[in-house]
Amino acid sequence: MTTALEPSRFPEPLREIAAKVRDGVRLDEADALACFETPHVLHLGRLAGEVRRRLHGDVAYFNVNRHINPTNICVYTYNCKFCSFAALPGEDHAWAMTHDEVYEHAAKQGGNEVTEFHIVGGLHPDLSLEWYLEMMRGLKERFPDAHLKAFTAIEIGWFAQHEKISIEEVLLRLRDAGLGSLPGGGAEIFHSEVREIICDGKLDAGEWIEVHRIAHGLGIPSNCTMLYGHVERPEHKVDHLLRLRALQDDTGGFNCFIPLAYHPENNYMGLKFHTSGTDDLRHLATARLVLDNVPHLKAYWIMISPKLAQVALSFGADDIDGTVVEETIYHMAGAETEQQIGRAELERIVRAAGYRPIERDTLYNPLSRPVAATA
Ligand code: V47
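What this report covers is the structure whose coordinates are included nearby. Worth saying up front: this structure is predicted, and the values here are computed from it rather than measured.

Regarding helix α7 (residues 167–177)
Next up, step 1: For α7, the complete set of buried residues consists of Val170, Leu171, Leu174 and Ala177. Projection of α7 onto a plane perpendicular to its axis shows the buried side chains occupying an angular sector of 125 degrees, all on one side.
Next up, step 2: The inward-facing, buried residues of α7 contact α5 (129–142), α6 (153–163), β5 (179–181) and α9 (205–217).

Written out as structure tokens, the structure is:
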């Protein structure tokens with residue numbers, strides 16, 4: 001009897017990879033490279049889809065979240081050439097919210113139904129760690145049940161440098177103020193050949209990994225990302241995924257991986273092209289196959305559109321992110337997707353793709369509440 005993973009049903013070089021996936025053997029560096037280079041993206045998706053079904057059956061997760069970007073003022077505005085969000089103080093598009101503005105923002109449009117605030121921002125030269133701690137405490141006071149997924153490793157590194165304290169001390173103070181987990185941003189591409197071009201001078205790979213390692217050691221879980229579709233080569237991405245996999249082997253602290261498609265508008269990179277749908281599906285499928293120890297894979301609908309996120313559910317993804325409400329990082333970089341989707345619509349999107357929608361909290365615990373509560 002032929003199974004879905006019968007190697008003879010796959011073209012080379014996916015035949016050997018299919019055998020490994022069938023037998024539960026970990027993919028190596030050469031396999032990962034083959035995934036990035038094969039022209040047979042549909043076959044790759046078939047493999048990743050099978051792995052995803054083993055892990056999550058027909059379930060696809062989403063959450064009811066809200067993004068808050070307290071400031072876009074950033075000392076790395078000229079360093080991170082790919083970033084369209086950052087601004088220098090005094091520029092027309094620069095902003096810095098007050099605490100009250102953060103709380104108002106959090107409360108808008110059904111803020112009380114939100115289970116997660118996703119909070120990231122620029123590295124503001126004048127805002128102290130204490131300002132952020134007060135913001136976290138204020139949010140927790142007003143929204144005690146909401147999970148605060150806040151601050152990329154880059155921001156954590158900046159707080160440590162700014163306050164002249166250790167990464168561990170920063171994380172402990174943030175945890176005391178209500179931090180629940182770290183988002184996965186700031187990883188970009190770890191390899192120094194790429195980092196020197198796209199974000200010279202920012203936290204390097206070892207430092208990004210160290211922040212997450214320390215967080216995991218303190219019981220603070222996190223997500224991880226990879227920014228693709230700019231100047232990187234396949235071997236850089238293989239290196240990136242293998243470094244994430246190695247950290248996960250050590251700590252088990254990553255919940256989710258999110259491949260991030262580069263958006264080219266309004267930044268200093270000088271590149272014109274958006275990634276193609278096939279590229280996006282290839283990155284998701286490859287991640288599902290290589291990152292065998294990271295439980296969840298997110299197809300971020302804001303970035304790749306709800307329609308492609310539906311297809312991505314059959315290419316390895318088991319999560320489409322959440323309601324979001326007012327996304328800025330991608331919309332300032334040219335994203336043409338909506339800025340928010342209601343819970344009922346997220347459920348419809350998942351069902352129409354042939355999967356069973358489950359609302360989750362940040363840590364992937366299933367939630368059950370009536371649609372009307374958050375539609
Ligand atoms: O670190 C910035 C990326 C990241 C651009 O953890 C860009 O659940 C494409 O990390 N084109 C921030 N990408 C977003 C992020 C994220 C998103 C959704 C969910 C989670 C999570 C994390 O966005 C940055 C950078 O890699 N980014 N500018 C751009 N022009």
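Points about the packing of α7 against α9
Geometrically, a packed helix pair is captured by the angle between its two axes and the distance between the axes.
Next up, step 1: At a closest axis distance of 10 Å, the pairing of α7 and α9 adopts a crossing angle of 50 degrees. Taken as axis vectors, α7 and α9 run oblique relative to one another. When the axes of α7 and α9 are compared, the crossing they make is right-handed. Here Ile167, Glu168 and Leu171 of α7 lie close against α9, whose contacting residues are Val211, Ile214 and Ala215.
Next up, step 2: For the contact of α7 with α9, a count of residues per class yields 5 nonpolar, no polar and 1 charged.

Observations concerning the pairing of strand β4 (residues 147–150)
For a regular strand, side chains alternate in direction, first toward one face of the sheet and then toward the other.
Next up, step 1: Side chains His147 and Lys149 project from β4 onto one buried face, and the interleaved Leu148 and Ala150 project onto a second face that is buried too.
Next up, step 2: Sheet topology note: the strand β3 (residues 116–119)/β4 ladder contains 4 bridges and is parallel. In the sheet register, Phe117 faces β4, and the bridge partner there is Leu148.
Next up, step 3: Following the backbone out of β3, through α5 and into the adjacent parallel β4, one traces a crossover that is right-handed.
Next up, step 4: Here β4 pairs with β5 via 2 bridges, running parallel. In the strand pairing of β5, Leu148 is matched with Leu179.

Thresholds applied
- Residues numbered from 1 in each chain as written.
- Predicted model: local features only at pLDDT ≥ 70, side-chain atom pairs only at ≥ 80, totals over all residues.
- Heavy atoms only, no water.
- Buried < 20%, exposed > 50% of the residue type's maximum accessible area, 1.4 Å probe, protein only.
- Helix = DSSP H or I, 4+ residues; strand = E, 2+ residues; numbered from the N terminus.
- Arc of directions from axis to C-beta.
- Contact = heavy atoms within 4.5 Å.
- Axes fitted to C-alpha atoms, helices over the stretch in contact; angles between N-to-C directions.
- Parallel < 35°, antiparallel > 145°, perpendicular 65-115°, else oblique.
- Left-handed = near helix turned anticlockwise from the far one by under 90°.
- Nonpolar A, V, L, I, M, F, W, Y, C, P; charged D, E, K, R; others polar.
- Pairing = 2+ DSSP bridges.
- Right-handed = clockwise from strand over helix to strand, strands pointing away.

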